[in-house]
Amino acid sequence: KRDIQLLLNNKNDFVTTMFDFYALPLAFPGYEKAITIRNIYDKVKHLEKSFADDINHQRFIPYIQLHEFEAFLFTDTEATCQLCDLNSDGRSSLQKTRREFETPEHINNGENTAPSKRIESIHEASGKRYIKENDGIRVVKAIGLVTLRDRCLHFNTWLEKLEALKG
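Quick caveat, the model's predicted, so the values are computed rather than measured. (Residues numbered from 1 in each chain as written. Predicted model: local features only at pLDDT ≥ 70, side-chain atom pairs only at ≥ 80, totals over all residues. Heavy atoms only, no water.)

Draft legend 1. Examining the side chain of S116 more closely. Position of S116 relative to the elements: it lies in helix 6 (residues 115–125). Exposure remark for S116: the relative accessible area of 8% places this residue in the buried category. Ignoring any residue separated from it by four or fewer positions in sequence, one finds S116 in contact with E68 and E70. (Helix = DSSP H or I, 4+ residues; strand = E, 2+ residues; numbered from the N terminus. Buried < 20%, exposed > 50% of the residue type's maximum accessible area, 1.4 Å probe, protein only. Contact = heavy atoms within 4.5 Å.)

Shown next, in the form of structure tokens:
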């Protein structure tokens, strides 16, 4: 909170965040109520509103990623399989996981079922090691914003808010 408030001291800047919903601290603003909300989009909107209320500044635009960054790797399973050189077991597992959920943002945040845990497991099934800083960024860049925005509605809404700041 202190860091965000310091950044907001520059009168010309907007400040945003990209925090993963998975493993948010229990003391995060609005968390206690959020865990009782069933709809994931309503849940994350509640958290972002609570966060905005806590910061209380018109140039602060909170964003919380559902459920974490690795959800993006499920937006285009073919690209992920190719770029990560996944074998048929890994490919099958990745595609099966994606089919189980309405959108990549719906892939849940359990200790063993969070998107990153699933991606790590899928890589292991292919005899690979997932390295977020390399693999995740490389795959997401290749997938591209058009696909991410089309398949991750909450992410798209955040980008629309940022685009509306132009001018």
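We are not done yet, so read on.
Draft legend 2. Fine view of the side chain of T17. Residue position: T17 is located in the loop between strand 1 (15–16) and strand 2 (19–20). A distance of 2.9 Å separates a polar atom in the side chain of T17 from the backbone nitrogen of Y63. If near-sequence neighbours (up to four positions away) are discounted, T17 is found in contact with I4, F51, F60, I61, P62, Y63 and W158. (Polar contact = N/O pair within 3.5 Å; in protein donor to acceptor, adjacent residues only side chain to side chain.)

Draft legend 3. Structural context of the pattern of salt bridges. Considering all chains together, one arrives at 9 salt bridges under this definition. As a salt-bridge pair, E70 and K132 come within 3.5 Å of each other at their nearest N and O atoms. Here K132 lies in helix 7 (residues 132–143) and E70 lies in the loop between strand 4 (64–65) and helix 4 (77–83), a separation of 62 residues in the sequence. A relative accessible area of 1% means that E70 is categorised as buried. Taking relative accessible area as the criterion, K132 reaches 32% and is therefore assigned partly exposed. When the shortest N-O distance is used, the salt bridge between R149 and E163 registers 2.7 Å. Note that R149 is positioned in helix 8 (residues 145–151) and E163 in helix 9 (residues 153–163), a separation of 14 residues in sequence. Classification of E163 by relative accessible area gives partly exposed; the value is 36%. What you see here is one network of salt bridges that share partners, running through D20, E70 and K132. (Salt bridge = Lys/Arg side-chain N within 4 Å of Asp/Glu carboxyl O.)

Draft legend 4. Summary view of unusual backbone geometry. We note that A23 has phi near 70°; this positive angle belongs to a residue other than glycine. Relative to the helices and strands, A23 is located in the loop between strand 2 and helix 2 (31–34). Within the chain, D85 stands out as a residue other than glycine whose phi angle is a positive 55°. Residue position: D85 is located in the loop between helix 4 and helix 5 (88–99).

Draft legend 5. Region of interest: the environment of Q65. Positionally, Q65 belongs in strand 4. Those residues in contact with Q65 that lie beyond four places of it in its chain are M18, F19, D20, F21, A71, F72 and F155. Within the local environment of Q65, its side chain forms a polar contact with the side chain of Y63, the two groups lying 2.5 Å apart.

Draft legend 6. Representation of the packing of aromatic side chains. Inspection of every chain in the model, using the stated rule, returns 10 aromatic pairs. Geometrically, the ring pair formed by F69 and F72 is edge-to-face, given 5.7 Å between the ring centres and 80° between the ring planes. An aromatic cluster is defined as three or more aromatic residues linked by ring pairs; in this entry it consists of Y63, F69, F72, F155 and W158. (Phe/Tyr/Trp six-rings, centres within 6.5 Å; stacked < 30°, edge-to-face > 60°.)

Draft legend 7. Quick peek at the nonpolar core. Ranked by internal contacts, the top residues of the largest apolar core, which has 24 residues, are F72, L73, L94 and F155. Elements that contribute at least two residues to this core include exactly helix 4, helix 6, helix 7 and helix 9. Residues within four places of F72 in sequence aside, it is in contact with M18, Q65, V140, I143, L148, C152 and F155. Ranked by size, the runner-up nonpolar core spans 17 residues in total, among them Y41, L47, F60 and L66. (Core = buried A, V, L, I, M, F, W, Y, C linked by side-chain atoms within 4.5 Å.)

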